[in-house]
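Chains, contacts and geometry: an overview
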Amino acid sequence: MKILRFFIAINFFLFTSLNVIFADPNFPGGKTTNEVENKNSFSLSARNLEEHMKINFLVGNALFERIWEDAKLSKNIAKDGLGPFFSAKSCESCHISDGRGHLPKSVSDDTVSVVIQISKDSKNSDPKIKNVEDSTYGGQISEFSVEGVVKEADISFSYEYVPSVYEDGRVVQLKKPVIKISNLNYGSFDDRTNFSARIAQPMIGLGLIENISSTDIIANADEDDVNNDNITGKANMVWNSVLNEWSLGRFGWKASQPTVYQQTADAFFHDMGLSNNLYINSYNCSDKQKDCENAIDGSSEEFDNFEVSNDQLNLVTFYSSQLGVPIRRNIDSADVIAGKKIFYQLNCQSCHVDKFVTKKNGSYANLSNQIIYPYSDFLLHDMGKGLADGVSEYDATGQEWRTPPLWGIGLTKVVSEEYGFLHDGRARTLEEAILWHGGEAEKIIQEFKKLDKIKVNQLVSFIESL
């Protein structure tokens, strides 16, 4: 294994040194790939990032970790402007070590790495707005608020357990979270408002994903199931607020954001209540929340009359775009090799597409012309009633979810002690995540349930190697 790693590393070095395209499925991020297997596996810059650009990465990282403060209490205008409502005080508190979030460990645990999105499962009258928000609480319910503003509500979770049975009689108890929202301080929700818990997603490879041609992603869409494999795949066309045009959505659990920049701006505003170039209102509250509207504004001329300046937004976007992808592991293991065969026999690659090539002239030179292996088609798929949340986002219905990339997934438990899989973190293991698949994947899961325990473990071993 060590000898094989040595030759792979030498091969990688030679291709990095030459101005030629580099292709090796064991290096999922192409030349951006890092060979680190520890808590920092998701936190390193792209390996091929130019030396003179690393200072921007480090400053962006500092902003990503920054604890933002209540403008009423802060003595530092560079850090003020939090709220009035917020779900977290920093990007890092949700994206733990740049990895995924998790559900609360106990009743007393806060929900800092999970947010509650709220909306209706219907189209907005204004197609440029992603969903129909609650008239009082907007598109996200916040459990925290600044001094002098009454928080929106209390959030807690209980759990139900759903048995899933293999053909040989083995039973896995699947954990299903039940959201409990109490002490509504601004009145009731609208009658048709739905709630969806969303954990933070890993940050690795975002710049590479953005640099995949829209044409290449849309080429895998098959809404009418022309090839009769029961897998459709639908592109989510969303409003690009920078270009003022419709663009392919590729970020977020329902692919409702077109770029890392817009995703970052959205998170600053909705998760932390920080105004910025795309969300110019300093108050993330409705006109029914009067004490929120009277909170102190953290905007200043020094920061472009926002709470997050244009430079700060650009630096966090750069940081988020330049996080490298970790190298594959255990590639010569017999179980991994057998698991790969099972993965393709089950047709998992119909959604988890293994390979793309990034554009030759992308937004960042070091991310351009890279052969990458994300194992995602970045399209929407109907995942069935079991995972439905009743929350629409542009063309995504309440049962549809974007295929998440699998690269680096085996390092999840190395990066963070607490984690969960799927949109709300319900799956404690990859096996549970697979068993929750329904809808378009129903036939695949029926075949999966025919596997014995050894083959299930082999499939999981392959996925963990990615």
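To be clear, the structure that these remarks concern was listed above.
A brief look at the structure comes next. Quick caveat, the model's predicted, so the values are computed rather than measured.

1. Things to note about the overall build of the protein chain
The number of helices and strands found in the protein chain is 12 helices and 13 strands. The globule rule puts the C-alpha radius of gyration for 466 residues at 23 Å, and the 22 Å found for the protein chain is close to it. Once the C-alpha set of the protein chain is aligned to its principal axes, its extents read approximately 60 × 55 × 40 Å. Taking all 466 residues of the protein chain together, the buried fraction comes to 56%. Counting contacts in the protein chain only where the partners sit at least 6 residues apart, residues at least 24 apart contribute 67% of the total. Total accessible area on the protein chain stands at roughly 19900 Å², and carbon and sulfur atoms take up 51% of it. Taking the average location of the 46 positive side-chain charges in the protein chain and that of its 64 negative ones, the two points are 5 Å from each other.

2. Side note on the pairing of strand 9 (residues 245-248)
By the bridge criterion, 4 bridges tie strand 8 (residues 237-240) to strand 9 in an arrangement that is antiparallel. Bridge assignment links Val238 to a residue of strand 9, and that residue is Ser247. The turn joining strand 8 and strand 9, which pair antiparallel and follow one another in sequence, is formed by 4 residues; a positive phi near 55° is taken by Asn244.

3. Here's the deal with a nonpolar patch on the surface
A cluster of nonpolar side chains, Ile55, Leu58 and Val59, forms an exposed patch at the surface whose accessible area comes to about 260 Å². Relative to the elements of secondary structure, Leu58 occurs in helix 2 (residues 54-65). Classification of Leu58 by relative accessible area gives exposed; the value is 52%.

4. Quick notes on the side chain of Gln257
Mapped onto the fold, Gln257 is located in the loop between strand 9 and helix 5 (260-272). The exposure class of Gln257 is buried, given its relative accessible area of 3%. Setting aside chain neighbours within four positions, we find Gln257 in contact with Lys130, Val238, Gly249, Arg250, Phe251, Gln262, Gln263 and Asp266.

5. Brief notes about helix 8 (residues 334-345)
Helix length check: helix 8, at 12 residues, gives a terminal C-alpha distance of 17 Å against a target of 16 Å (1.5 Å per residue), a fit within 8%. Every buried residue belonging to helix 8 is among Val336, Gly339, Ile342 and Phe343, and all of these are buried. Projected down its long axis, helix 8 shows its buried positions confined to an angular sector of 120°, all on one face. In this structure, helix 8 carries Ala334, Ile337, Lys341 and Gln345 as exposed residues pointing more than 90 degrees from its buried face. Buried residues in helix 8 make contact with helix 12 (453-465). Asn347 lies just past helix 8 and shows a positive phi near 75°.

6. What to know about the pattern of salt bridges
As enumerated under the stated definition, the model contains 16 salt bridges in all. The closest approach of N and O atoms between Lys54 and Glu51, which form a salt bridge, is 3.3 Å. The class for Glu51 is exposed, based on a relative accessible area of 62%.

7. Some points on the state of the cysteines
Enumeration over the complete set of coordinates arrives at 1 disulfide. Covalent S-S linkage joins Cys285 and Cys292, the inter-sulfur distance amounting to 2.3 Å. The S-S bond linking Cys285 to Cys292 shows a torsion near -90°; that makes this disulfide left-handed. When its relative accessible area of 18% is taken as the criterion, Cys285 is described as buried. Considering cysteine sulfurs only, Cys348 is the nearest to Cys351, which forms no disulfide, with 8.8 Å between them.

8. Here we look at the packing of helix 8 against helix 12
Following both chains from N to C, one finds helix 8 and helix 12 inclined at 95°, their axes separated by 7 Å at the closest point. In this view, helix 8 runs roughly perpendicular relative to helix 12, as classed from their interaxial angle. Across from Asp335, Val336, Ala338, Gly339, Lys340, Ile342 and Phe343 in helix 8, the residues of helix 12 making contact are Lys455, Gln458, Leu459, Ser461, Phe462, Ile463 and Ser465. In the contact of helix 8 with helix 12, the residues fall into 7 nonpolar, 4 polar and 3 charged.

9. A closer look at the packing of helix 5 against helix 7 (residues 310-321)
The N-to-C vectors of helix 5 and helix 7 enclose an angle of 120°; their axes lie 9 Å apart at closest approach. Considering the angle they form, helix 5 stands oblique to helix 7. As helix 5 runs across helix 7, the sense of the crossing is right-handed. Counting all contacts with helix 5, which are made through Val260, Tyr261, Thr264, Ala265 and Phe268, the residues of helix 7 involved are Leu313, Asn314, Val316, Thr317, Ser320 and Ser321. Looking at side-chain class alone, the contact of helix 5 with helix 7 contains 6 nonpolar, 5 polar and no charged residues.

10. Digging into the environment of Gln289
The residue Gln289 is located in the loop between helix 5 and helix 6 (290-293) in this model. Residue classification places Gln289 among the buried positions, given a relative accessible area of 1%. It is 9.3 Å that separates the C-alpha atoms of Gln289 and Asn185, two residues lying 104 residues apart in sequence. In this view, Gln289 contacts Phe85, Thr136, Tyr137, Glu152 and Tyr186; residues no more than four positions away in its chain are not counted. Polar side-chain contacts of Gln289 include one of 2.9 Å to the side chain of Glu152. Separated by 3.0 Å, the side chain of Gln289 and the backbone nitrogen of Ser286 make a polar contact.

What counts, and where the lines are drawn
- Residues numbered from 1 in each chain as written.
- Predicted model: local features only at pLDDT ≥ 70, side-chain atom pairs only at ≥ 80, totals over all residues.
- Heavy atoms only, no water.
- Helix = DSSP H or I, 4+ residues; strand = E, 2+ residues; numbered from the N terminus.
- Rg over C-alpha atoms; globule rule 2.2 N^0.38 Å.
- Buried < 20%, exposed > 50% of the residue type's maximum accessible area, 1.4 Å probe, protein only.
- Contact = heavy atoms within 4.5 Å.
- Areas by Shrake-Rupley, 256 points an atom, 1.4 Å probe, with all protein chains shown as cover.
- Lys, Arg positive; Asp, Glu negative; His and termini not counted.
- Charge placed at Lys NZ, Arg CZ, Asp CG, Glu CD.
- Pairing = 2+ DSSP bridges.
- Patch = residues over 30% accessible without salt bridge, like charges linked within 9 Å, V, L, I, M, F, W, Y side chains within 5 Å.
- Salt bridge = Lys/Arg side-chain N within 4 Å of Asp/Glu carboxyl O.
- Expected span 1.5 Å × (residues − 1).
- Arc of directions from axis to C-beta.
- Disulfide = S-S within 2.5 Å.
- Axes fitted to C-alpha atoms, helices over the stretch in contact; angles between N-to-C directions.
- Parallel < 35°, antiparallel > 145°, perpendicular 65-115°, else oblique.
- Nonpolar A, V, L, I, M, F, W, Y, C, P; charged D, E, K, R; others polar.
- Left-handed = near helix turned anticlockwise from the far one by under 90°.
- Polar contact = N/O pair within 3.5 Å; in protein donor to acceptor, adjacent residues only side chain to side chain.

All quantities given are derived from atomic positions and should not be read as evidence of function.
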